[in-house]
Amino acid sequence: MLRSSQPLPGPNRRRCREDEALLGAVLDEGEQGFIIDTRSAQAAKQARMSGGGTEPKSSYPQWRRLHRPLERGRPLQESFVRLVDACSDPSLSMDRWLGRLESSRWLSHVKAALSTACLAAQCMDREQSSVLVHGAEGTDTTLLVTALAQVILDPSCRTLAGFQGLLEREWIEAGHPFHLRCARSAYSHSRLKQEAPLFLLFLDCVWQLSRQFPFSLQFGEHLLLTLFDNAYASAYGTFLCNNEKERSLCKVKESTHSLWAWLSQPEEQQKFLNPLYSHNALVIWPSVEPQSIQLWQGLFLRWIRPSQHLDEAWAEIQRLVEEN
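The shown structure was predicted, so the numbers you read here are calculated from the model rather than taken from an experiment.

J.: I'd love a proper account of the overall build of the chain, names of residues and values included.
T.: Each helix and strand counted, the chain has 16 helices and 4 strands in total. Split into buried and exposed, the 324 residues of the chain put 45% on the buried side. Restricting to contacts in the chain with at least 6 residues of sequence separation, those with at least 24 account for 79%. About 16,600 Å² of surface is accessible on the chain, with carbon and sulfur atoms providing 52% of the total.

J.: Quick one: what's the story with the packing of aromatic side chains, residue by residue and with numbers?
T.: With the rule as written, the count across this model stands at 16 aromatic pairs. Aromatic side chains F80 and W106 sit 5.9 Å apart centroid to centroid with 40° between the ring planes, which places their arrangement in the tilted category. With F80 in helix α3 (residues 74–87) and W106 in helix α5 (residues 106–125), this residue pair connects regions lying 26 residues apart in the sequence. We note that F80, like W106, is buried.

J.: So what about the packing of α5 against helix α9 (residues 198–212)? Which residues, and what values?
T.: Contact geometry for α5 and α9: axes closest at 10 Å, N-to-C directions at 75°. It follows that α5 is roughly perpendicular to α9 by the angle criterion. Here W106, H109, V110, A113 and L114 of α5 come into contact with α9, specifically with L200, L201, D204, C205, Q208 and L209. When grouped by side-chain class, the residues that make up the contact of α5 with α9 number 8 nonpolar, 2 polar and 1 charged.

J.: Give me the lowdown on α3, citing residues and values where you can.
T.: If you check α3, its first and last C-alpha atoms are 20 Å apart, about what 14 residues at 1.5 Å a residue would give, namely 20 Å. Those residues of α3 that fall on the buried side of the exposure criterion are L76, Q77, S79, F80, V81, L83, V84, A86 and C87. Residues of α3 that are buried make contact with α4 (94–104), α5, α9, α10 (221–232) and α15 (297–300).

J.: Could you give me a rundown of the pairing of strand β2 (residues 33–37), with the residues and numbers involved?
T.: Within a regular beta strand, the side chains point alternately toward one face of the sheet and then the other, so they alternate between its two faces. Judged by how many residues are buried, β2 sits mostly within the fold: 5 of 5 residues are covered. Judged by which residues are buried, β2 turns out to be covered on both faces: G33, I35 and D37 on one side and F34 and I36 on the other are all buried. Relative to strand β3 (residues 63–67), β2 is paired through 5 bridges, and the arrangement is parallel. If you follow D37 over to β3, its bridge partner there is H67. Both β2 and strand β4 (residues 131–134) contribute to a ladder of 4 bridges, which runs parallel. Its bridge partner being in β4, F34 is matched across the sheet by V131.

J.: Describe the environment of F163, and please don't skip the residues or the numbers.
T.: Looking at the element boundaries, F163 is found in helix α7 (residues 160–172). On a C-alpha basis, the gap between F163 and A147 in space is 9.5 Å, while along the polypeptide they are 16 residues apart.

J.: Got a sec to walk through the confidence of the model for the chain? Specific residues and values, please.
T.: Interpreting fine coordinate detail is not advised for predicted regions of low pLDDT. The predicted model of the chain averages 88 in pLDDT, with 90% of residues at 70 or higher. Contacts of residues 5–13 to residues separated by more than four positions or lying in other chains number 35 contacts, the stretch itself having pLDDT below 50.

J.: Could you give an account of the pattern of salt bridges, with specific residues and numbers?
T.: Counting across every chain of the model gives 9 salt bridges. Across the pair R72 and D140 runs a salt bridge whose closest N-O atoms are separated by 3.5 Å. Placement of R72 in the loop between β3 and α3 and of D140 in the loop between β4 and α6 (141–153) is noted, with a sequence separation of 68 residues between them. The exposure class assigned to D140 is buried, which follows from its relative accessible area of 3%. In this structure, the salt-bridge partner of R181 is D140, at a minimum N-O distance of 2.8 Å. On the criterion of sequence distance, the pair formed by R181 in helix α8 (residues 178–181) and D140 in the loop between β4 and α6 is long-range, its members being 41 residues apart.

Reading the values: rules and limits
Residues numbered from 1 in each chain as written. Predicted model: local features only at pLDDT ≥ 70, side-chain atom pairs only at ≥ 80, totals over all residues. Heavy atoms only, no water. Helix = DSSP H or I, 4+ residues; strand = E, 2+ residues; numbered from the N terminus. Buried < 20%, exposed > 50% of the residue type's maximum accessible area, 1.4 Å probe, protein only. Contact = heavy atoms within 4.5 Å. Areas by Shrake-Rupley, 256 points an atom, 1.4 Å probe, with all protein chains shown as cover. Phe/Tyr/Trp six-rings, centres within 6.5 Å; stacked < 30°, edge-to-face > 60°. Axes fitted to C-alpha atoms, helices over the stretch in contact; angles between N-to-C directions. Parallel < 35°, antiparallel > 145°, perpendicular 65-115°, else oblique. Nonpolar A, V, L, I, M, F, W, Y, C, P; charged D, E, K, R; others polar. Expected span 1.5 Å × (residues − 1). Pairing = 2+ DSSP bridges. pLDDT = per-residue confidence, 0-100. Salt bridge = Lys/Arg side-chain N within 4 Å of Asp/Glu carboxyl O.

Below, the structure is given as structure tokens:
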């Protein structure tokens, strides 16, 4: 699976022979690949009018383009804010609460992300085809889809060490701008233009996978919550800055400690492991039906609903597993 870090040349720009040769080299004669564009067809058309933003079909004859639009900017941030506002209002009746939840459209974003990742995974697993995931800048929805598809397809990415490697490779090294996207929380009154909870959306989708496949992920909800917390405020340098160049200029590795080093300590690692985990070499295909996508209560209701009983139940499960 490939990802596009920048728009390939449109018909109004000079053709890039190198890009054409690269994609041509991926496929053997007679094979077909898929380009999954995370922008709408209309957005791609508008980008083409300014001289880029789409792949001319004649230059990539073996590739079929599929549009699966995913929100990545202000609409996603506003959805997050509306959801948090609803979750923070204990006075709401059940009907009003459900209405606020639906109007936030957060679960719709979760469904869209999982659906697109499943499409990429199906193209690779069932069609045995190469896939290029294409986004506006290659640092947001592109990473969301490629990372989720790997969790679905690859059992090694569902282990604690493999998941950490996936985050390092697909989000940090690939240049997701954490500083810009996670500059403020949902409670902030300021609305920064480039703020958007793409990484949170990814974590939510992984939580959906862990709920639907409770034995297939080696880590539990506690790890996902810890990653969310550290993306927004952290004593470690792992999620600092926007890309590797900035981290190098700021000497992040020399001046800070790594979150992964802390998570890898045996006494800490045990807290994040799923006691029900059993290696599953198969692809895990999540359901994206409305009744299958649920609100991540452990995150969104964590400050108004005590987790004591859930924590006690989790500890009891761990004790029973260890005894047997």
